[in-house]
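Listed here are the chains, written in short residue letters.
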2 protein chains.
Amino acid sequence: MAISNIRYGQGVTKEIGMDLQNLGARKVCLMTDKNLSQLPPVNAVLNSLAKYGINFQMYDNVRVEPTDQSFLDAIQFAKKGEFDAYVAVGGGSVMDTCKAANLYASSPTSDFLDYVNAPIGKGKPVTVPLKPLIAVPTTAGTGSETTGVAIFDFKELKVKTGIASRAIKPTLGIIDPLHTLSMPERIVANSGFDVLCHALESYTALPYNMRSPCPSNPINRPAYQGSNPISDVWALHALRIVAKYLKRAIRSPEDHEARAKMHLASAFAGIGFGNAGVHLCHGMSYPISGLVKTYKPKDYNVDHSLVPHGLSVVLTSPAVFAFTAQIHPERHLEAAEILGADIRTARIKDAGFILADTLRKFLFDLNVDDGLAAVGYSKADIPALVKGTLPQERVTKLSPRPQTEEDLSALFEASMKLY
Amino acid sequence: MAISNIRYGQGVTKEIGMDLQNLGARKVCLMTDKNLSQLPPVNAVLNSLAKYGINFQMYDNVRVEPTDQSFLDAIQFAKKGEFDAYVAVGGGSVMDTCKAANLYASSPTSDFLDYVNAPIGKGKPVTVPLKPLIAVPTTAGTGSETTGVAIFDFKELKVKTGIASRAIKPTLGIIDPLHTLSMPERIVANSGFDVLCHALESYTALPYNMRSPCPSNPINRPAYQGSNPISDVWALHALRIVAKYLKRAIRSPEDHEARAKMHLASAFAGIGFGNAGVHLCHGMSYPISGLVKTYKPKDYNVDHSLVPHGLSVVLTSPAVFAFTAQIHPERHLEAAEILGADIRTARIKDAGFILADTLRKFLFDLNVDDGLAAVGYSKADIPALVKGTLPQERVTKLSPRPQTEEDLSALFEASMKLY
Ligand SMILES: NC(=O)c1ccc[n+]([C@@H]2O[C@H](COP(=O)([O-])OP(=O)(O)OC[C@H]3O[C@@H](n4cnc5c(N)ncnc54)[C@H](O)[C@@H]3O)[C@@H](O)[C@H]2O)c1
Ligand SMILES: NC(=O)c1ccc[n+]([C@@H]2O[C@H](COP(=O)([O-])OP(=O)(O)OC[C@H]3O[C@@H](n4cnc5c(N)ncnc54)[C@H](O)[C@@H]3O)[C@@H](O)[C@H]2O)c1
Ligand SMILES: [Fe+2]
Ligand SMILES: [Fe+2]
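If you're wondering where the values come from, they're calculated on a predicted model, not measured in any experiment. (Residues numbered from 1 in each chain as written. Chains lettered and ligands numbered in written order. Predicted model: local features only at pLDDT ≥ 70, side-chain atom pairs only at ≥ 80, totals over all residues. Heavy atoms only, no water.)

1. As for the site of ligand 1
Residue and element names in this part refer to chain A.
Here's step 1: Gly-92, Ser-93, Thr-138, Thr-139 and Thr-147 are the nearest of the 31 residues found near ligand 1.
Here's step 2: Asp-96 is positioned with one of its side-chain polar atoms (N or O) 2.8 Å from a nitrogen atom of ligand 1.
Here's step 3: Within the contact set of ligand 1, an oxygen atom lies 2.7 Å away from a side-chain nitrogen or oxygen of Thr-139.
Here's step 4: Taking 870 Å² as the accessible area of ligand 1 by itself, protein coverage stands at 98%.
Here's step 5: Contributions of two or more residues to the shell around ligand 1 are made by helix 4 (92-106), strand 6 (149-154) and helix 5 (185-204).
Here's step 6: Looking at the shell around ligand 1 residue by residue, the classes come out as 11 nonpolar, 14 polar and six charged.
Here's step 7: The residue makeup of the shell around ligand 1 includes at least three contributed by each of domain 1 (6-179) and domain 2 (184-414). (Near = heavy atom within 4 Å. Polar contact = N/O pair within 3.5 Å; in protein donor to acceptor, adjacent residues only side chain to side chain. Areas by Shrake-Rupley, 256 points an atom, 1.4 Å probe, with all protein chains shown as cover. Helix = DSSP H or I, 4+ residues; strand = E, 2+ residues; numbered from the N terminus. Nonpolar A, V, L, I, M, F, W, Y, C, P; charged D, E, K, R; others polar. Domains from an automatic or database assignment.)

Now the structure itself:
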């Protein structure tokens, strides 16, 4: 497994101008979204670039929950700019867009589908050298600063998919907890649920030595290798932080400690799932996001409807872990205990229900919408949701328990209402 | 912080020929020591090289506890061979020698002292590109497969020192627990003590935000950054494994689980201390090894006297942690608890004594020699031992508590007898 460089500390963003000087960058592409372009994290970066006299162009057209079209716009900007380094300041949407821009600007003759995950795209391996990319996360969620993954919504197919390659992993992640202070409540909550699911899914993913086929040549093995003794360390550690600090981080913007801990947990969980992978909550979330109708979440300063990624993964989590627990019940029970369940008298065969109940209680306490119905879906949508999950086999096959289409239907149905 | 690639699993060594093919290697340098050249780990590598038709030359002249002269011999071999990849199969002695050979063969006009740590050498930054190096550890100790460090004994000065640069970190570490099965009892013990001290020292090292000077340009910051929230995860995790499995691994070569866990713990602790650093046990160990008189440890199949590295660090550990505990007593107490102490009624001000006692008991149970006296030192040697510690400021300054020469004298004196 491989792990990116990260630098952690309050205020470390002020060094970014120096990092770019050290990289010998002469023309930098700074990416962010419209909302963030007015906020302290982007300001801190601009100040440092100015201080060190870094020549740059800013692109603030990143779409929150990016699409193929919004990726292509950013790629076009990158191609024109002939940049020699990239800086992404934002949540997963910005970091992922910047990874794609760097990739396709470095491989200008490639077709967009070339690097998109199979079976939707061609899933070609990346062999061109990319430019350095410094990621500055401003949510405590995706861990994208540590992963070689970029996710987008494929509009035509109404399904989310992505690009996965070690080559697009950021050169450096700058984890500066000051940036989390400007996040409104629901963004802390939803991005925090993403951390929660990264940790739970990677800890319960199919073990690395049970994955099949296991390509005999190491170079052909996927980035998502299944759970393993190293990703377990990160997943459990992130889960413990989520259990202790997520509620505090959501409830009070003044709780610097809680927000800082969640910012680190996001990177920890990213290192975990970036090596082990995620499974059903993520696989099923992609159509939940992709098929969005009119849902507009609170606190998201955007003009299109969307189901935020973290919400789209967490809403199915009670059903998913009730379903998967029969494979590693002891891990499910351990996770429930970390999240606050009293398991002293628990029976191992109830592990799934216990974890599901613990998650439901956790979500209820945090005022999370009551299931898929609350974000606009009804029973009639289930076939489309299932259909959108089927091409996500890159992740769904990492589920410890294999699933039929009927299983997926049942999981969506069980997620319509939570409480 | 940066972490190397590692691959873990029983039997994964058989893939090494493929890895070298993937790297396009046409002439490989295989390094090991005389003893290992007859044992299963080297055999497994040779089989894979043969299977994939890899062209290689073998160097089995590595010295156990290398010296400047033994490094130079290996460097000469590497320069002559014009290799395009390196494979190191062995303990820290082999991996470190191979790192040095790769470095100087890639920088053929450099003087040997150029890259050696200041103030003994010039401590120049490495700017030349190195060849890929695959490290296959056969002890469960140094974690050298994950670090940018190579240690040797500078004969003229009678002191150990080293080379520290991210550039010499192996490209890939292959952690195959099968290789630990051939280790005799004292090699398991001594290399395990190294893991123990890497974990304890990096967990109690000066925190990263208290280090001074802290060079304002990130590129000038040392590899050893002080303890930090990320290295803490690795250190604690490694310490828990040591507490649970080291005794079992030492007592029974048949206990595959315990030996496998220790093999992973060694890499975990390596990632921890490779970023956080070590402090007094290591700083003081270098003269303890360097000034060796006639001590010949059991189970080491070599013809020169030596104090094995792990033994040289652990013998001072009770005294060291009794000394440092006043700075982070709660961490010292936590470590004692992990190692088995009952701390329910402990007073925080006794943290140092409690950890020291716990370590003494741990060592006594494992038949460790009774202090520095048992490896050949007496009070009369203390001035020389102190003198040999002074140039180790790269690590000693990471001690949470600053130390005078008198303090060092007292620490050596307190380590003469343990029980
Ligand atoms: N690459 C990966 O490894 C990975 C992993 C999980 C999710 N994702 C993807 O990442 C995207 C979601 O990213 P996200 O959850 O980080 O949110 P986001 O990037 O979509 O941002 C959500 C909203 O929060 C705002 N915002 C972000 N930081 C803020 C701050 N500090 N203060 C105020 N407002 C702030 C943004 O402007 C935006 O309106 C999805 O597309 C998802 O699929 C990627
Ligand atoms: N680079 C680093 O980060 C780092 C860290 C700590 C220590 N070190 C250095 O590493 C050296 C010590 O390394 P070590 O403790 O791994 O031991 P080692 O490499 O010195 O080997 C010790 C003995 O064990 C034998 N041996 C090794 N593996 C065996 C196996 N599987 N079966 C049977 N015999 C085996 C060797 O042949 C040798 O005789 C010291 O020079 C020390 O200073 C380096
Ligand atoms: Fe996610
Ligand atoms: Fe060591």
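2. With respect to the coordination of the iron ion (ligand 4)
Residues and elements named next belong to chain B.
Here's step 1: Within the first shell, the iron ion (ligand 4) binds the protein through Asp-194 (OD), His-198 (NE2), His-282 (NE2) and His-309 (NE2), at distances of 2.1 to 2.2 Å.
Here's step 2: Relative to the metal, the four donor atoms surrounding the iron ion (ligand 4) lie at angles of 82 to 168°, and the coordination shape comes out irregular.
Here's step 3: Donor residues binding the iron ion (ligand 4) come from one chain and are separated in sequence as D-x3-H-x83-H-x26-H. Taken together, the residues Asp-194 in helix 5 (residues 185-204) and His-309 in helix 9 (residues 309-314) connect sequence positions 115 residues apart. Here Asp-194 matches His-309 in class, with each residue buried. (Donors = N, O, S within 2.8 Å, 3.2 Å for Na, K, Ca; no water. Tetrahedral: all angles 85-135°; square planar, octahedral: opposite > 155°, others 65-115°. Buried < 20%, exposed > 50% of the residue type's maximum accessible area, 1.4 Å probe, protein only.)

3. Quick word on the interface of chain A and chain B
Here's step 1: Across the boundary between the two partners, chain A contributes 26 residues, which contact 26 residues of chain B.
Here's step 2: Both faces considered, chain A and chain B share a buried interface measuring about 2300 Å² in area, 63% of it formed by carbon and sulfur atoms.
Here's step 3: Counting across the chain A and chain B interface gives zero salt bridges.
Here's step 4: In this assembly, chain A and chain B are joined by two residue pairs in polar contact (both at pLDDT 80 or more).
Here's step 5: Elements that contribute at least two residues to the side of chain A that touches chain B include exactly strand 1 (5-8), helix 1 (16-22), helix 6 (229-251) and helix 7 (256-276) of chain A.
Here's step 6: Looking at which element gives the most residues to the side of chain A that touches chain B, the answer is helix 6 of chain A, with five residues.
Here's step 7: Of the residues in the side of chain A that touches chain B, the class split is 15 nonpolar, seven polar and four charged. (Contact = heavy atoms within 4.5 Å. Buried area = accessible area lost by both parts, 1.4 Å probe. Salt bridge = Lys/Arg side-chain N within 4 Å of Asp/Glu carboxyl O.)

4. Brief notes about the coordination of the iron ion (ligand 3)
Here's step 1: Distances from the iron ion (ligand 3) to its protein donors, Asp194(A) (OD), His198(A) (NE2), His282(A) (NE2) and His309(A) (NE2), fall within 2.1 to 2.2 Å.
Here's step 2: The coordination sphere of the iron ion (ligand 3) comprises four donor atoms, whose angles at the metal cover 82 to 168°; the geometry is irregular.

5. Side note on the domain arrangement of chain A
Residues and elements named next belong to chain A.
Here's step 1: Taken as a whole, chain A is organised into domain 1 (6-179) and domain 2 (184-414).
Here's step 2: Using C-alpha coordinates to define each centre, domain 1 is positioned 24 Å away from domain 2.
Here's step 3: Residue-level contacts link 29 residues of domain 1 with 37 residues of domain 2.
Here's step 4: Connecting domain 1 to domain 2 are zero salt bridges.
Here's step 5: In this assembly, domain 1 and domain 2 are joined by 11 residue pairs in polar contact (both at pLDDT 80 or more).

6. Focus on helix 4 of chain A
Here's step 1: A rise of 1.5 Å per residue sets the reference length of helix 4 of chain A, with its 15 residues, at 21 Å; its end C-alpha atoms lie 21 Å apart and thus fit the reference within 8%.
Here's step 2: Counting buried positions along helix 4 of chain A gives 14 out of 15 residues, so the element sits mostly inside the fold. (Expected span 1.5 Å × (residues − 1).)

7. Some thoughts on the layout of surface pockets
Here's step 1: Approximately 1300 Å³ is the volume found for the second largest pocket.
Here's step 2: The wall of the second largest pocket is formed by 43 residues, among which Asp232(A), Val233(A), Leu236(A), Arg240(A) and His237(B) lie closest to the centre.
Here's step 3: Tallied by class, the residues present in the lining of the second largest pocket amount to 23 nonpolar, seven polar and 13 charged. (1 Å grid on protein atoms, 1.4 Å probe; cavity = no way out; pocket = protein on both sides within 12 Å on 5 of 7 lines; lining within 4 Å. Points joined across faces, edges and corners; volume = space filled by probe spheres on them.)

8. Side note on the pattern of salt bridges
Here's step 1: Within this structure, the stated rule accounts for 42 salt bridges over all chains.
Here's step 2: A salt bridge links Arg331(B) to Asp232(B); the nearest nitrogen and oxygen atoms lie 2.7 Å apart. A residue pair is termed long-range when its members are at least 10 positions apart, and Arg331(B) in helix 11 (residues 329-338) and Asp232(B) in helix 6 (residues 229-251) qualify at 99 residues. Note on accessibility: Arg331(B) and Asp232(B) belong to one class, buried.
Here's step 3: Salt bridges sharing partners connect three or more residues here, namely Glu185(A), Arg186(A), Lys298(A) and Asp299(A).

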